[in-house]
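One-letter residues, chain by chain:
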Amino acid sequence: QVQLVESGGGLVQAGASLRLSCAASGRTNTIYTMAWFRQPPGKAREIAAAISWSGDTTYYTDSVKGRFTISRDNAKSTVYLQMNSLKPEDTAVYYCAAGPPLRSIVVHTTASYRYWGQGTQVTVSS
């Protein structure tokens, strides 16, 4: 199986930046699309960003577009989420996820991804 471990979360002020990392281990050959989901307090887990295996194709939810950048380093089996200009509404538990090839994902729901990390807390104060 695949194990995903997130790191890099923390408490920052609005306008600050954070970079999240997600290291994959196990059967990494089965990892294609990788994504970051986030779950604000009291809300459902929703997609933030996704990236194809090659890194050539990315997806961002509208609320993070232009502020967040997803990238990956397959040699290190690691995906990153660079978060700039953070806002209080970005406060959430951020989860790393891995799933099938991006071409097979019609909608980025939690059901579309098989493997999940434990989550890392990001808190943005105003």
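Preceding this section is the structure that the text describes.
Note that the structure is predicted; figures quoted are calculated from it, not measured.

## Examining the environment of G119
Take G119: it is sitting in the loop between β10 (115-116) and β11 (120-125). Judged by its relative accessible area of 16%, G119 is buried. The sequence separation of G119 and Y95 amounts to 24 residues, and the corresponding C-alpha distance is 4.4 Å. Leaving out residues up to four positions away in the same chain, G119 has contacts with E6, V93, Y94 and Y95.

## Thoughts on the sheet that holds strand β3 (residues 18-26)
In spatial order, the strands read β1-β3-β8-β7; together these 4 strands make up an open sheet with antiparallel pairing. On the outer flanks of this sheet lie β1 (2-7) and β7 (68-73), each paired with one strand and no other. Within this sheet the neighbouring strands show an average axis-to-axis angle of 15°, counted without direction. Summarising the sheet, β7 and strand β8 (residues 78-83) pair through 6 bridges and their orientation is antiparallel. Along β8, the bridge assignment pairs S71 with Y80.

## Side note on unusual backbone geometry
Residue S77 is not a glycine yet carries a positive backbone phi of 50°. Although it is not a glycine, S85 adopts a positive phi angle of roughly 50°. Within the secondary structure, S85 is located in the loop between β8 and β9 (92-99). Taking the relative accessible area as the measure of exposure, S85 reaches 41% and is therefore partly exposed.

## Things to note about the layout of surface pockets
Here the largest pocket defines a volume of roughly 180 Å³. Together, R38, P40, K43, A44, E46, I47, T61, S63 and E89 line the largest pocket. Of the residues assigned to the lining of the largest pocket, the class counts are 3 nonpolar, 2 polar and 4 charged.

## A look at the nonpolar core
The biggest cluster of nonpolar side chains holds 27 residues, and the ones touching the most others in it are L4, M34, W36, L81, M83 and Y94. Every element with two or more residues in this core is listed here: β1, β3, β4 (33-39), β5 (46-51), β7, β8, β9 and β11. With residues near it in sequence (within four places) discarded, M83 still touches A16, S17, L18, L20, R67, F68, Y94 and V122. With 8 residues, the next largest nonpolar core counts A35, I47, L102 and I105 among its residues.

## Examining the state of the cysteines
Here the structure, examined in full by the defined rule, presents 1 disulfide. The residue that forms a disulfide with C22 is C96, at a sulfur-sulfur distance of 2.1 Å. Its torsion about the S-S bond being -80°, the disulfide of C22 and C96 is classed as left-handed. Note that C22 is positioned in strand β3 and C96 in strand β9, a separation of 74 residues in sequence. The two residues C22 and C96 agree in class, both being buried.

Conventions and cut-offs
- Residues numbered from 1 in each chain as written.
- Predicted model: local features only at pLDDT ≥ 70, side-chain atom pairs only at ≥ 80, totals over all residues.
- Heavy atoms only, no water.
- Helix = DSSP H or I, 4+ residues; strand = E, 2+ residues; numbered from the N terminus.
- Buried < 20%, exposed > 50% of the residue type's maximum accessible area, 1.4 Å probe, protein only.
- Contact = heavy atoms within 4.5 Å.
- Pairing = 2+ DSSP bridges.
- Axes fitted to C-alpha atoms, helices over the stretch in contact; angles between N-to-C directions.
- 1 Å grid on protein atoms, 1.4 Å probe; cavity = no way out; pocket = protein on both sides within 12 Å on 5 of 7 lines; lining within 4 Å.
- Points joined across faces, edges and corners; volume = space filled by probe spheres on them.
- Nonpolar A, V, L, I, M, F, W, Y, C, P; charged D, E, K, R; others polar.
- Core = buried A, V, L, I, M, F, W, Y, C linked by side-chain atoms within 4.5 Å.
- Disulfide = S-S within 2.5 Å.

Scope: geometric values only; no functional claims are made or implied.
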